[in-house]
Amino acid sequence: MRVTKAAPFIFSKRGIFYFTRRIPSDLAGHYRCSRITLSLRTRSLRAAQARAAALAGKLDQDWLSLRWQSKDDQFSRFLSDRVAAARLLSSAPTLSEAAALYIGAKKKGRPKTFRQGVDRVVSQMIAVAGDKPIDTFSREEANALRNSLREKGLSTPSIKRAFSVVRALINFVSRELGLDEIRTFSSIYFGEENDDPRAKRSSFGSAELQAIQAACRNLDDEPRWLIGLISDSGMRLAEATGLTKDDVVLDGEFPHVNLRPHPWRPLKTQSSSRIVPLIGLSLWAAQRAVSASSSAFLFPKYCNENECKSNSASAALNKWMSPRVPKGCVVHSFRHSLRDRLRAVECPRDIVDRLGGWTLEGIGETYGKGYPVHVLHKWMEAIV
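The following refers to the structure shown. Predicted model, so just to flag it, every value in this text is computed and none were measured.

## Some details on the sheet that holds strand E1 (residues 10-13)
Consideration 1: Here three strands make up an open sheet; going across it, the order is E1-E2-E3 and the pairing antiparallel. Unpaired on one side and paired on the other, E1 and strand E3 (35-39) mark the two borders of the sheet. When the angles between neighbouring strand axes are averaged without regard to direction, this sheet yields 30°.
Consideration 2: Inspection of the sheet shows strand E2 (residues 16-22) paired to E3 by five bridges, in the antiparallel sense. Within E3, the position partnered with Thr 20 by the bridge is Thr 37.

## Things to note about the sheet that holds strand E5 (residues 256-259)
Consideration 1: The strand order across the open sheet formed by three strands is E4-E5-E6, and the pairing between neighbours is antiparallel. Of all the strands in the sheet, the pair left with one neighbour each is strand E4 (248-249) and strand E6 (274-277).
Consideration 2: Bridge analysis of E5 against E6 gives four bridges, and the strand direction is antiparallel. Within the sheet, the bridge partner assigned to His 256 lies in E6 and is Pro 277.

## With respect to the packing of aromatic side chains
Consideration 1: Across all of its chains, the model carries nine aromatic pairs by this definition.
Consideration 2: Taken together, a centroid distance of 6.0 Å and an interplanar angle of 55° make the contact between Phe 9 and Phe 19 tilted. Here the residue Phe 9 occupies a position in the segment before E1, and Phe 19 occupies one in strand E2, the gap between them amounting to 10 residues.
Consideration 3: For the ring pair Phe 204 and Phe 334, a centre distance of 4.6 Å and an interplane angle of 25° mean the geometry is stacked. With a gap of 130 residues between them, Phe 204 in the loop between helix H6 (156-177) and helix H7 (206-219) and Phe 334 in helix H12 (residues 333-344) connect regions that are remote in the sequence.
Consideration 4: Look at Phe 334 and you get buried, because its relative accessible area is 0%.
Consideration 5: An aromatic cluster is defined as three or more aromatic residues linked by ring pairs; in this entry it consists of Phe 137, Phe 163, Phe 185 and Phe 190.
Consideration 6: Taking the ring centre of Trp 320 as reference, the NZ or CZ of Arg 224 above it sits at 4.7 Å.
Consideration 7: If you follow Arg 339 out to its NZ or CZ, it ends over the ring of Trp 358, 4.6 Å from the centre.

Conventions and cut-offs
- The numbering scheme is per chain: residues are counted from 1 as the chain's sequence reads.
- For a predicted model such as this one, the threshold for reporting local features is a pLDDT of at least 70, and the threshold for listing and counting side-chain atom pairs is 80 or more; totals across whole chains, interfaces and linings nevertheless cover every residue.
- The side-chain values count all of the structure's non-hydrogen atoms but skip hydrogen atoms and water molecules.
- Two strands qualify as a pair provided DSSP detects at least 2 bridges between them.
- Strands are runs of DSSP state E lasting at least 2 residues, helices are runs of H or I lasting at least 4, and numbering of each runs from the N terminus.
- Here an axis means a line fitted to C-alpha atoms, over the contact stretch when the element is a helix, while the angle between two N-to-C directions is reported on a 0 to 180 degree scale.
- Any two rings among Phe, Tyr and Trp, with Trp reduced to its six-membered ring, count as a pair given centres within 6.5 Å; such a pair is stacked if its planes are under 30 degrees apart, edge-to-face if over 60, and tilted if neither.
- Categorising residues by exposure relies on relative accessible area from a 1.4 Å probe, with only protein chains included: less than 20% of the type maximum marks a residue as buried, more than 50% marks it as exposed, and the intermediate range marks it as partly exposed.
- Counting as a charge over the ring demands two things of the Lys NZ or Arg CZ atom: a distance within 6 Å of the ring centre and an angle within 35 degrees of the ring normal.

Structure representation (structure tokens):
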């Protein structure tokens, strides 16, 4: 078999498949041969294609790292003396280079907001301290980033998320390039938990919930179906926005949603994959959305096979809800309300966690298949 587009980087010899790939000319000095060839140890074309794709991806990542390490920086003459000196003293990539490595390795299966989030915090750090090697940032500069974000009006949880992005980026690149551990952005002081009055979202009271649900029934359109689906199910907005019609089970005694990850919308945690019973307005909204959608997606206005537009949905829905709900209540408040409503009927804590997709406590909770749908349905029906 010859290497073709249908089977890239693969050839067979005596029935065994092999991986082969030419070394790029600009990286030839890093290798002692001009081509990599190794056995894939299989006679199955499908298995060979999968293994070859994995090896090709690993090579692409390695070559990207080598190129960043060896390239000349044509912009160095524009740098300040402080940043230029830091580059001379370090062999580590700059923050922008590290971000490119991190995004290149991690972007597969991630929404475009992943790259946007990384680019945003990297540009903020560069604005504060310059684009320096990642092992030359000082604690003073890390604290300056915190102060800068606070001056822009970001809440403490938002600032913590920004720092978690920086830490993840630096830790990943440090491990990939064999650098010493960098702890500059760890254990940053963000203030006491009760210093930020915006940190805790409000929950809906019973009358407030009924009022917003009645408004959704009256308007009876796709954005209101999305709110309705969340209001009595406690799903995260992105979870609901990324649903397909096949995820919704309306036949049978216990209507429910099979919440699972999709290429256009991954789930937040492993516990987020779950069965969500449909009751009350959530059942009505699911029925309306399924019957109205002419595509495979439950909410085609906000989702397609390329992306899940949960941020756009959040902005639009919160804007509509704002004059109709108490101050501090947003779309995510429905999840807070679900927990309160389940507490009010004395629902066991482990079932509450299952229903909301919250992290399960204890190793025993990860054993078995979980609660059957009729048990989950019983507790959800108790809250309406």
